[in-house]
Amino acid sequence: MTSTGHAAALALADIYTTWIDQEKIQKISNMSAELAKLTANAMLAQRISSINTISAICERTGADIAEVQTALGSDSRIGAHFLQAGIGFGGSCFQKDVLNLVHLATSLDLRDAGDYWLQVLQINRFQSRHFVQRVISRLDGSLADKKVAIFGWTFKKGTSDARETRSLHVVKELLKEAVKEITIFDPGCDLADIRAAIRSPGALESGKPECPASNVAVHDNPYSACQEADAVLILTDWEQFRCLPDPESPSVANPQAHWAGDASSSTSYISLGHTAPSAVRSMISKLSIRDNTEQSDSSNAFTNPFGHLKPELPCPADCRDCNNKTSLPMSADVRVDWKRVSTKVKSPGWVFDGRNMVNVGEMQKLGFRVEAIGKASVWEKDA
């Protein structure tokens, strides 16, 4: 690090001491900082791929991935974070940073190191294919005349972000099997964004003219999406998909009042675009927002972290974000009524839980047959 760079690092560290204890601030070289950032994401991705390989072993041996995760998480050397089995990781960072690490290693003639990290991505792809193959095996070995409903499009709960979502890869795998129809419902992703993703050039090319991307439809509520479906696939860990809802929850008292597309719905839907969390809005409202960004009182420089902000201007009437309709309010208290879903799907009511969101025993009471990630099938006799 040059003397100028060192001085800049010290100045930046001094600024951060306003919020962070001095001993927690590390001053390291640019290359070390960049490599630490890439490695952090790569190692988190590695943990997910690792537990997903174990979930596949659990399905064949009769072990339960939830029990394995609990045992591993109780080991202080390992910890419980990022040990949830699923259909694979998505988002804009993990794959990109793993690939950057692969490129860096191979460009330095460290091909074995690069291959190691590349395997993390290969396992991620394997997990999606493995999940779809399990669907096929339970649906008589063919999807040619089947309708599949997908619950969840975003790469994780609590976001409208669907970049590198595994749901898209699952849809691609289903199309390769010439599935008759695919319907998609997500409680937090704008319908137009999902449609744009599946219609973008090359997004869902199946290579099978009998199963074009036009066979994929997006729905604004879960009940129309699963109407006459042969199987429901849970692909995102939205709390709204958990089973079973509290008997006192609004979804049980009036399940029709929570999704667009139901005739009785009069709910005011939440826009993701400009809705700040209430706690943040409350905090901002209590702050004295300065209109004069040229204020020179250094004694007040860090007492108001929002001091440089001005009140947000109202959006134009045609603002896309404000006009977006999310599929349901962003609240975990409003959940899918699985009893109602059971009346919509075809018998025997297959549910393939890619995120371990439902209680298998409770779902069986409703007449469903559930296949869950990392759990052996109880329907082997029907295979």
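Preceding this section is the structure that the text describes.
Attention here is on the structure that accompanies the text. Fair warning: this is a prediction, and the values are worked out from it, not measured in the lab. (Residues numbered from 1 in each chain as written. Predicted model: local features only at pLDDT ≥ 70, side-chain atom pairs only at ≥ 80, totals over all residues. Heavy atoms only, no water.)

So, about the overall build of the chain. Helices and strands together make up the secondary structure of the chain, namely 13 helices and six strands. Across the 383 residues in the chain, those meeting the buried criterion constitute 41%. In the chain, once contacts between residues fewer than 6 apart in sequence are set aside, the share between residues at least 24 apart is 74%. Summing over all exposed atoms, the chain offers an accessible surface of approximately 20,400 Å²; the carbon and sulfur share of this is 54%. (Helix = DSSP H or I, 4+ residues; strand = E, 2+ residues; numbered from the N terminus. Buried < 20%, exposed > 50% of the residue type's maximum accessible area, 1.4 Å probe, protein only. Contact = heavy atoms within 4.5 Å. Areas by Shrake-Rupley, 256 points an atom, 1.4 Å probe, with all protein chains shown as cover.)

Side-chain alternation along strand β5 (residues 350-353) places Trp350 and Phe352 on one buried face and Val351 and Asp353 on a second face that is also buried. As paired strands, strand β4 (residues 231-234) and β5 are joined by four bridges and run parallel to one another. Paired with Ala231 across the strands is Trp350, a residue of β5. The pairing of β5 with strand β6 (residues 369-372) spans four bridges and is parallel. Each bridged residue has a counterpart across the sheet, and for Trp350 the counterpart in β6 is Arg369. In this fold, the crossover linking β5 to β6 by way of helix α13 (residues 360-365) has right-handed handedness. (Pairing = 2+ DSSP bridges. Right-handed = clockwise from strand over helix to strand, strands pointing away.)

Next up on the list: the environment of Gly62. Note on placement: Gly62 falls in the loop between α2 (30-61) and α3 (65-73). A residue is classified by how much of its surface remains accessible, and Gly62, at 52% relative accessible area, is exposed. For the pair formed by Gly62 and Val378, sequence separation is 316 residues and the distance between their alpha carbons is 9.8 Å.

Our focus in this paragraph is a nonpolar patch on the surface. Together, Leu12, Ile15, Tyr16, Trp19 and Ile20 make up a nonpolar patch on the protein surface, roughly 490 Å² of accessible area in all. Mapped onto the fold, Ile15 is located in helix α1 (residues 3-16). For Ile15, a relative accessible area of 38% corresponds to the partly exposed category. (Patch = residues over 30% accessible without salt bridge, like charges linked within 9 Å, V, L, I, M, F, W, Y side chains within 5 Å. Salt bridge = Lys/Arg side-chain N within 4 Å of Asp/Glu carboxyl O.)

Our next topic: the pattern of salt bridges. Here the structure, examined in full by the defined rule, presents 14 salt bridges. Between Glu239 and Lys157 there is a salt bridge; the shortest N-O distance is 2.9 Å. Residue Glu239 is located in the loop between β4 and α9 (250-253), and its partner Lys157 is located in the loop between β1 (147-151) and α6 (166-176); the two are separated by 82 residues in the primary sequence. With relative accessibility at 37%, the residue Lys157 sits in the partly exposed group.

Next up on the list: the packing of α2 against helix α4 (residues 94-107). In contact at an axis separation of 8 Å, α2 and α4 are set at 115° when each is read in the N-to-C sense. Both α2 and α4 take part in a crossing whose hand is left-handed. Together, Leu35, Lys37, Leu38, Thr39, Asn41, Ala42, Leu44, Ala45 and Ile48 of α2 and Phe94, Lys96, Asp97, Val98, Asn100, Leu101 and Leu104 of α4 make up the contact between the two elements. The residue inventory of the contact of α2 with α4, partitioned by class, reads 10 nonpolar, three polar and three charged. (Axes fitted to C-alpha atoms, helices over the stretch in contact; angles between N-to-C directions. Left-handed = near helix turned anticlockwise from the far one by under 90°. Nonpolar A, V, L, I, M, F, W, Y, C, P; charged D, E, K, R; others polar.)

What follows deals with the packing of α2 against α3. Relative to each other, α2 and α3 sit at 135°, their axes nearing to 9 Å. In terms of their interaxial angle, α2 and α3 are classed as oblique. Between α2 and α3 the crossing geometry is right-handed. Touching Ile51, Ile54, Ser55 and Cys58 of α2 are Ile65, Val68, Gln69 and Leu72, all from α3. (Parallel < 35°, antiparallel > 145°, perpendicular 65-115°, else oblique.)

In the segment running from Ser347 into Pro348, the intervening peptide bond is cis, with an omega of 15°. By secondary structure assignment, the location of Pro348 is in the loop between α12 (338-342) and β5. One non-glycine residue, Ala178, lies in positive phi territory at about 60°. The exposure class assigned to Ala178 is buried, which follows from its relative accessible area of 16%. Phi is positive for Asn356, close to 55°, though the residue is something other than glycine. Within the element layout of this structure, Asn356 appears in the loop between β5 and α13.

For soluble globular proteins, the rule of thumb is that nonpolar side chains tend to be buried together. Counting 37 residues, the largest nonpolar core has Ile150, Val171, Leu174, Ile182, Ile184 and Leu233 as its most contacted members. If you look at the next biggest cluster of nonpolar residues, it comprises 22 residues, including Phe151, Ala225, Cys226 and Val345. (Core = buried A, V, L, I, M, F, W, Y, C linked by side-chain atoms within 4.5 Å.)

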